[in-house]
Amino acid sequence: MSAERLFYAILSSSYESVLMYLRDGVDPNKCADMKSINWISHNLVAKTTPTMPTTFTHVHAAVLNCFHNPVERRGKDQKAIPILRDLLSHGANAEAKASDFILHNIDITNEPRCPGQQMTPIDLAVYLRRNTGSRLRDEKIKILNSAITLLSRRESVRNSIGLPMAPVAEPVLEMWKSLLLSEGFSDVHFHCEDGTVLHAHRCVLAAASPYFRNYFEGPWGQLSDSEHANGVWNTANSAEVMRSVLAFMYIGKLPERGVLDSDPYSLLSVATEYGLDYLVKLSETSCIRKLDDDNAKDILQLADLHCSPRIKTACFEYIRNNPQVLTRSDMMALAGENKILWRELGEEITPPSKRSAKRARKS
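Residues numbered from 1 in each chain as written. Predicted model: local features only at pLDDT ≥ 70, side-chain atom pairs only at ≥ 80, totals over all residues. Heavy atoms only, no water.

Caption draft 1: Representation of the overall build of the protein chain within the structure. Scanning the protein chain from N- to C-terminus turns up 19 helices and 6 strands. Classification of the 363 residues of the protein chain by burial places 47% in the buried group. When contacts within the protein chain are restricted to residue pairs at least 6 apart in sequence, those whose partners lie at least 24 apart make up 62%. Carbon and sulfur atoms make up 51% of the accessible area of the protein chain, which amounts to about 18400 Å² in all. (Helix = DSSP H or I, 4+ residues; strand = E, 2+ residues; numbered from the N terminus. Buried < 20%, exposed > 50% of the residue type's maximum accessible area, 1.4 Å probe, protein only. Contact = heavy atoms within 4.5 Å. Areas by Shrake-Rupley, 256 points an atom, 1.4 Å probe, with all protein chains shown as cover.)

Here you go:
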């Protein structure tokens, strides 16, 4: 019952109890038995069946607690964000997906309920923020923004670069390492911007990337009859970026101190193009961690270019909390360079109360 008690403590915003259970060794990634939870009292309905159990993790519960308890109560400090932070610091998975639940009787504007279908904690926080009703609206949006930023920056990782690991027999791993960048039996040759040639194998690329799979399966897939004659693949990317991408596709690893730290922007571009979803997430997280006054505009434009709501949300939150960024000449130039993005930025950083007043004046 420990997981259920931790679950209740979170939804009750009882920080001391949450901390006690975590220090006592309760696994923050062990889901509570949904059949034993009084969902109705927390505005939740579980659609549990013998073959389709509901999943709603402790991190999801912490996000919901942020929504229900955005302000201090009875003279006590607001505890929702500290609860979320402590869960993450104790190894809770910030990317776990919840499913088959319904939020009901909550103060939202657009829908009477929120059907949970494969929602990460960030997805849930974004939904609640976008649909928050009038009651404590500003407070709820503020705390949900803080939760989104915290989740984006503190995603649970299992090693230094954030890749989920599984045991692999050493001979198998060595076999794949021997294939990586090997010229033997290679039929694709990446010619990088600096003249470096990196060798690869079409079957591996097709298995790892939907981009290459679609290319090789299409009518243009015969390398000898296409723009990639003899398997030559010209790329404007650096050899360092391409080595990292190929390493990810072959052995699921990236250099611990490599492109992910030095140039996550280029890595994000290639990962997005090749459809490498997990590498996209790693690159997004690294971009978010690098946010500062000097690069806020560039990273915001990068997020817009690659349709990354995670990075956009983090940029909006950073600029909202650091308004001096808006006075920089490079940021002000965005108004003329991308009017749509500039307007979106203005809407996101404007307090909801002022936004409502502005709409009322227009009507």
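Structure's up, so let's keep going.
Caption draft 2: Main features of the pattern of salt bridges. Tallying each qualifying case throughout the model produces 8 salt bridges. Salt-bridge contacts for Arg 328 lead to Asp 294; the nearest nitrogen and oxygen are separated by 3.1 Å. Of this pair, Arg 328 sits in the loop between helix 15 (309-321) and helix 16 (329-332) while Asp 294 sits in the loop between helix 13 (277-289) and helix 14 (296-305), placing them 34 residues apart in sequence. Measuring nitrogen to oxygen at the nearest pair gives 2.6 Å for the salt bridge that ties Arg 320 to Glu 317. Here Arg 320 and its partner Glu 317 are both found in helix 15, 3 residues apart, which amounts to about one turn of the helix. By relative accessible area, which is 24% here, Arg 320 ends up partly exposed. For Glu 317, a relative accessible area of 7% corresponds to the buried category. (Salt bridge = Lys/Arg side-chain N within 4 Å of Asp/Glu carboxyl O.)

Caption draft 3: Here's a closer look at the sheet that holds strand 5 (residues 197-200). With mixed pairing, 3 strands are arranged side by side in an open sheet as 5-4-6. For this open sheet the edge positions go to strand 5 and strand 6 (232-234), each flanked by a neighbour on one side alone. Strand-to-strand twist across the sheet, computed as the mean angle between neighbouring axes with direction ignored, equals 25°. Bridge count for strand 4 (residues 188-191) against strand 6 is 3 bridges, and the pairing is parallel. Each residue of the ladder has a partner; that of Phe 190, found in strand 6, is Trp 233. Lying over the sheet, helix 10 (residues 239-251) contacts strand 4 and strand 5, oriented at roughly 10° with respect to strand 5. (Pairing = 2+ DSSP bridges. Axes fitted to C-alpha atoms, helices over the stretch in contact; angles between N-to-C directions.)

Caption draft 4: Expanded view of the packing of helix 15 against helix 18 (residues 339-349). Across the interface, helix 15 lies against helix 18 with an axial gap of 10 Å and an inter-helix angle of 60°. By the angle between their directions, the pair helix 15 and helix 18 is classed as oblique. Where helix 15 crosses over helix 18, the two elements pack in a sense that is right-handed. Contact residues: Lys 312, Phe 316, Ile 319 and Arg 320 in helix 15; Leu 341, Glu 344, Leu 345, Glu 348 and Ile 349 in helix 18. The residue inventory of the contact of helix 15 with helix 18, partitioned by class, reads 5 nonpolar, no polar and 4 charged. (Parallel < 35°, antiparallel > 145°, perpendicular 65-115°, else oblique. Left-handed = near helix turned anticlockwise from the far one by under 90°. Nonpolar A, V, L, I, M, F, W, Y, C, P; charged D, E, K, R; others polar.)

Caption draft 5: Main features of the packing of aromatic side chains. Applying the stated criterion across every chain, the model contains 11 aromatic pairs. With 6.2 Å between their ring centres and 50° between their planes, Phe 190 and Trp 233 make a pair best called tilted. Of this pair, Phe 190 sits in strand 4 while Trp 233 sits in strand 6, placing them 43 residues apart in sequence. The two residues Phe 190 and Trp 233 agree in class, both being buried. The lysine or arginine in question, Lys 140, covers the ring of Phe 67, its NZ or CZ lying 4.2 Å from the ring centre. Positioned above the aromatic ring of Phe 216, the side-chain terminus of Arg 202 is 5.4 Å from the ring centre. (Phe/Tyr/Trp six-rings, centres within 6.5 Å; stacked < 30°, edge-to-face > 60°. Lys NZ or Arg CZ within 6 Å of the ring centre and 35° of its normal.)

Caption draft 6: Just the environment of Ser 283, in detail. Tracing the sequence through the fold places Ser 283 in helix 13. Ser 283 gets classed as buried once you look at its relative accessible area, which sits at 0%. As for Ser 283 and Tyr 265, which are separated by 18 residues in sequence, their C-alpha atoms are 7.2 Å apart. In this structure Ser 283 touches Leu 260, Pro 264, Leu 267 and Leu 268, once residues within four positions along its chain are discounted. Within the structure, Ser 283 has its side chain in polar contact with the backbone oxygen of Leu 279 (distance 2.8 Å). (Polar contact = N/O pair within 3.5 Å; in protein donor to acceptor, adjacent residues only side chain to side chain.)

Caption draft 7: Here's a closer look at the nonpolar core. With 51 residues, the main nonpolar core has Phe 190, Leu 205, Val 245 and Leu 279 as its most contacted residues. For this core, the leading source of residues is helix 10, giving 8 residues. Among residues more than four places away in sequence, those in contact with Phe 190 are Thr 196, Val 197, Leu 198, Ala 200, Leu 205, Phe 212, Trp 233, Met 242, Leu 246 and Tyr 274. Counting residues in hydrophobic clusters, the runner-up holds 41 residues, among them Val 26, Cys 66, Ile 81 and Val 126. (Core = buried A, V, L, I, M, F, W, Y, C linked by side-chain atoms within 4.5 Å.)

Caption draft 8: Quick look at the pairing of strand 5. As paired strands, strand 4 and strand 5 are joined by 4 bridges and run antiparallel to one another. Residue pairing for strand 5: Phe 190 is matched across the bridge by Leu 198. Where strand 4 folds back on strand 5, the antiparallel hairpin that results is connected by 5 residues, among which Gly 195 adopts a positive phi of roughly 95°.

Caption draft 9: Geometry of a nonpolar patch on the surface. A contiguous nonpolar patch, built from Val 168, Val 172, Met 175 and Trp 176 and spanning about 330 Å² of accessible area, is present on the exposed surface. With respect to the secondary-structure elements, Val 168 resides in the loop between helix 6 (137-153) and helix 7 (170-179). (Patch = residues over 30% accessible without salt bridge, like charges linked within 9 Å, V, L, I, M, F, W, Y side chains within 5 Å.)

Caption draft 10: Structural view of the environment of Arg 202. Note on placement: Arg 202 falls in helix 8 (residues 202-208). What makes Arg 202 partly exposed here is its relative accessible area of 27%. For the pair Arg 202 and Gly 231, spaced 29 residues apart in the sequence, the C-alpha separation amounts to 9.0 Å.

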